[in-house]
Amino acid sequence: MSSKINVNQLNLWYSDFHALKNIQIAIEEKQITAIIGPSGCGKSTLLRVFNRMNDLVEGVRMQGEVFIDGMNILDSKTDLVTLRKRVGMVFQRPNPFPLSIYENVAFGQRIHNHITKNSLDEIVERCLKCVLLWDDLKDKLHKSALHLSLEQKQRLCIARLLAVKPDLLLMDEPCSALDPQSTARIEELMRELKTDYTIIIVTHNMQQAARISDRTAFLLLGELIEHGTTSKIFTNPTKKDTEDYISGRYG
Amino acid sequence: MNSKKTEKIAFFVLFLATLLIILPVGLVVCIIIQKGFPAMTWQFLTDIPRQGMRAGGIFPALVGTIYIVFGAILFALPIGLGAAIYLSEYTKEHFLNRLIKLAIVNLAGVPSVVYGLFGFAFFVIFFKFGASILSGSLTLAIMILPIIITASREALESVPYSFREVSYSLGASKWQTIRHIVLGNAIPGILTGTILGVGRAAGETAPILFTVAAFYLPQLPKTIFDQAMALPYHLYVISTQVPNVDEKIRYGTALVLLILVFFMNLVAIVIRTQFRKKKKW
């Protein structure tokens, strides 16, 4: 078990709806894994298993095992605070808090640690540098984050996440609200982050998956149809469904 | 009749009905200002009532009302806000929750004199607080609780769910999320509701009648166990219980009460509009 995540016989129901069926997948460390598939296939649901965000939905039921670094996170004894500190999430719509830029990045430290002002300043600077916002924003750290551009907001959300020091990043269609140039720059950022973080990205956009991911998983109606290296999935898929989806015959 | 004609008639009747709303409000305000304004002097506001309340000022009643109302906020805001947070953030939709909501709605519909009687039996007699600022404030607090709870819940629920989701995803607990993210965005709405409640409390006579209001008390209360004069009750007394009170003193008292309540509502409106301007999501 050298993989970062091992999913074993995972089933998930929303009340009566069987949303994920017998999912079996291993996710490698410090790679980008893309989850693709048509709307409603369970991509986001699978992503939200890894930080247990599905728990917030009423009537959700899970069965099976999900190991992250050898620990089964579906265990009822799992400490969700610790888990969510390690497994961070970037959402579809950039959603900074209605606070200042500085306070957005500092939020994680404020709730998790009692920390001095100086080291907090350092963390904010380091995280903003990491997402390449520091040079643009260093003079307006105490302005509201709501006036930034969409791309800057999404970068800020990533910085906010990095401040919590996760090692796994979940990205739920992080570029779907952005224009093509911004998308390209965020993808560039993801490639840089890959050296330090394991990234799982859900995307509607097959070209995006092809551009940035090392491995790709194809989901259809709650089932994992195929999983492998991105080059293999996109050039020589073994299943007919995968080929049909990749070639745009549906989806 | 053709549809054009009925349309015209409908429009006219509906417009008239709307216009009729303005009339009594306008008249009340105009008459009170016209008759009460001559009494508005600095002395009227800062002097005690003299010559069996036929002269002098309303200072003890004004201060008494402020004390009582302030006490009511002190009790009602923490309890109301706590209940609102519990109801909107911590409970799920089930039988007990619906029962609580129903109770709150009904609490808002109870006539104020019933609160007065309840306060008298419960705080004055049972807890032996006597007729005092404490009893009066507690009684008013219960009366404005539904207003504060309802307004606070609306304010809490208007904070977008996505903020909570992000906060949880960063490992924040429910309480941390509420404290750091939700409350900050809900405070203007909560304040607005509180001020509206307080405005209502300041003008009520029945709840304070048995629990705190003194007929005539020339000195200011010293502790929360003292009785106090209050503006609405003072107005009632000089209008019906004391003969030959000069009209301008009566209307002057009414005007002060009106200004007090109007001022509070104005503050609530200002806070709300400021908040709307700043809201960006």
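In the block above lies the structure referred to throughout.
On to the overall build of chain B. Looking only at helices and strands, one finds 11 helices and 2 strands in chain B. Along the first, second and third principal axes, the C-alpha set of chain B runs to 70 × 70 × 35 Å. Looking at chain B residue by residue over its 281 residues, the buried ones come to 43%. Long-range contacts, defined as pairs at least 24 residues apart, comprise 75% of the intrachain contacts of chain B with a sequence gap of at least 6. Of the roughly 15,100 Å² of accessible surface on chain B, 71% is carried by carbon and sulfur atoms.

Turning our attention to the overall build of chain A. Counting its secondary structure elements, chain A contains 10 helices and 10 strands. A compact globule built from 251 residues should have a C-alpha radius of gyration of about 18 Å, and chain A, at 18 Å, falls within 12% of that. Dimensions of chain A along its principal axes, counting C-alpha atoms only, are 55 × 45 × 35 Å. For chain A, buried positions account for 53% of its 251 residues. Here chain A displays about 11,200 Å² of accessible surface, and carbon together with sulfur accounts for 48% of that area. Averaged over its 32 positive side-chain charges, chain A has a centre that lies 2 Å from the centre of its 31 negative ones.

What follows is about the packing of helix 3 (residues 59–90) of chain B against helix 10 (residues 231–241) of chain B. Residue and element names in this part refer to chain B. Here helix 3 crosses helix 10 at 145°, and the two axes come no closer than 8 Å. Residues A61, L62 and T65 of helix 3 form the contact with helix 10, whose participating residues are L231, P232 and H234. Looking at side-chain class alone, the contact of helix 3 with helix 10 contains 4 nonpolar, 2 polar and no charged residues.

On to the side chain of T65 of chain B. Positionally, T65 of chain B belongs in helix 3. If we skip the residues at most four places from it in the chain, T65 of chain B touches A202, M229, A230, L231, P232 and L260 of chain B.

Facing 18 residues of chain B, the contacting portion of chain A comprises 24 residues. Approximately 1,800 Å² of surface area, both sides summed, lies buried where chain B meets chain A, with 71% of it carried by carbon and sulfur atoms. Of all residues in chain B, V166, S169 and L170 of chain B give up the largest surface area on contact with chain A, accounting jointly for 32% of the area buried on that side. Inspection of the chain B/chain A interface yields 1 salt bridge. For the salt bridge of R48 of chain A with E165 of chain B, the shortest nitrogen-to-oxygen distance reads 2.8 Å. One can count 3 residue pairs in polar contact (both at pLDDT 80 or more) joining chain B with chain A. Listed by contribution, the elements that provide at least two residues to the side of chain B that touches chain A are helix 7 (161–169) and helix 8 (174–203) of chain B. No other element matches helix 7 of chain B, which puts 8 residues into the side of chain B that touches chain A. Grouping the amino acids of the side of chain B that touches chain A by side-chain chemistry returns 8 nonpolar, 7 polar and 3 charged.

Mapped onto the secondary structure, N185 of chain B falls in helix 8. Within the local environment of N185 of chain B, its side chain forms a polar contact with the backbone oxygen of I181 of chain B, the two atoms lying 2.8 Å apart.

This paragraph deals with the environment of E154 of chain B. Residues and elements named next belong to chain B. Mapping E154 onto the fold places it in helix 6 (residues 133–157). E154 sits in the exposed class, given a relative accessible area of 56%. When the C-alpha positions of E154 and A84 are compared, they lie 8.9 Å apart, and in sequence the two are 70 residues distant.

With that settled, the discussion passes to helix 6 (residues 150–162) of chain A. With 13 residues, helix 6 of chain A ought to run about 18 Å at 1.5 Å a step, and its terminal C-alpha atoms sit 18 Å apart, in line with that. Burial of helix 6 of chain A is extensive: 11 of the 13 residues sit out of reach of the surface. Taken residue by residue, helix 6 of chain A has E151, K153, Q154, R155, L156, C157, I158, A159, R160, L161 and L162 of chain A as its buried positions. Against the buried residues of helix 6 of chain A lie strand 6 (87–90), helix 3 (101–112), helix 4 (117–130), strand 7 (168–172) and helix 7 (180–193) of chain A together with helix 7 of chain B.

We now examine the pairing of strand 10 (residues 223–229) of chain A. All names here are of chain A. In the sheet, strand 9 (residues 215–220) pairs with strand 10 via 6 bridges, with the strands oriented antiparallel. Residue pairing for strand 10: L219 is matched across the bridge by L224. Where strand 9 folds back onto strand 10 in an antiparallel hairpin, the turn is made up of 2 residues, including L221, whose phi is positive at roughly 50°.

Before going further, it helps to spend a moment on helix 7 of chain B. An α-helix turns once per 3.6 residues; consequently, residues spaced three or four apart project the same way. All names here are of chain B. In terms of burial, helix 7 is largely enclosed, as 7 of its 9 residues are buried. Three or more residues of helix 7 are buried, namely F163, R164, E165, V166, S167, Y168 and S169. Within two residues after helix 7, G171 carries a phi angle of roughly 90°, on the positive side.

Let us look at the state of the cysteines. The full count for this structure, using the stated rule, is 0 disulfides over all chains. Of the cysteine sulfurs around C127 of chain A, a residue in no disulfide, the closest is that of C130 of chain A, at 6.9 Å.

Another point: the packing of aromatic side chains. Residues and elements named next belong to chain B. Overall, the coordinates contain 15 aromatic pairs over all chains when judged by the stated rule. With a centroid separation of 6.2 Å and 5° between ring planes, the pair formed by F11 and F15 is classed as stacked. Linking F11 with F15, this pair stays in helix 1 (residues 3–36), spanning 4 residues, or about one helical turn. Aromatic side chains F123 and F127 sit 6.5 Å apart centroid to centroid with 20° between the ring planes, which places their arrangement in the stacked category. By the ring-pair criterion, three or more aromatic residues cluster together here, those being F118, F122, F123, F126, F127, F129 and F225.

Residues and elements named next belong to chain A. Closest axis-to-axis distance for the helix 3/helix 4 pair is 9 Å, and the angle between their directions is 115°. In terms of orientation, helix 3 lies roughly perpendicular with respect to helix 4. In the crossing of helix 3 with helix 4, the sense of the turn from one axis to the other is right-handed. Note on element contacts: helix 4 touches helix 3 through K117, L120, D121, I123, V124, C127 and L128, opposite I101, Y102, V105, A106, Q109 and R110.

About the cut-offs
- Residues numbered from 1 in each chain as written.
- Chains lettered and ligands numbered in written order.
- Predicted model: local features only at pLDDT ≥ 70, side-chain atom pairs only at ≥ 80, totals over all residues.
- Heavy atoms only, no water.
- Helix = DSSP H or I, 4+ residues; strand = E, 2+ residues; numbered from the N terminus.
- Buried < 20%, exposed > 50% of the residue type's maximum accessible area, 1.4 Å probe, protein only.
- Contact = heavy atoms within 4.5 Å.
- Areas by Shrake-Rupley, 256 points an atom, 1.4 Å probe, with all protein chains shown as cover.
- Rg over C-alpha atoms; globule rule 2.2 N^0.38 Å.
- Lys, Arg positive; Asp, Glu negative; His and termini not counted.
- Charge placed at Lys NZ, Arg CZ, Asp CG, Glu CD.
- Axes fitted to C-alpha atoms, helices over the stretch in contact; angles between N-to-C directions.
- Nonpolar A, V, L, I, M, F, W, Y, C, P; charged D, E, K, R; others polar.
- Buried area = accessible area lost by both parts, 1.4 Å probe.
- Salt bridge = Lys/Arg side-chain N within 4 Å of Asp/Glu carboxyl O.
- Polar contact = N/O pair within 3.5 Å; in protein donor to acceptor, adjacent residues only side chain to side chain.
- Expected span 1.5 Å × (residues − 1).
- Pairing = 2+ DSSP bridges.
- Disulfide = S-S within 2.5 Å.
- Phe/Tyr/Trp six-rings, centres within 6.5 Å; stacked < 30°, edge-to-face > 60°.
- Parallel < 35°, antiparallel > 145°, perpendicular 65-115°, else oblique.
- Left-handed = near helix turned anticlockwise from the far one by under 90°.

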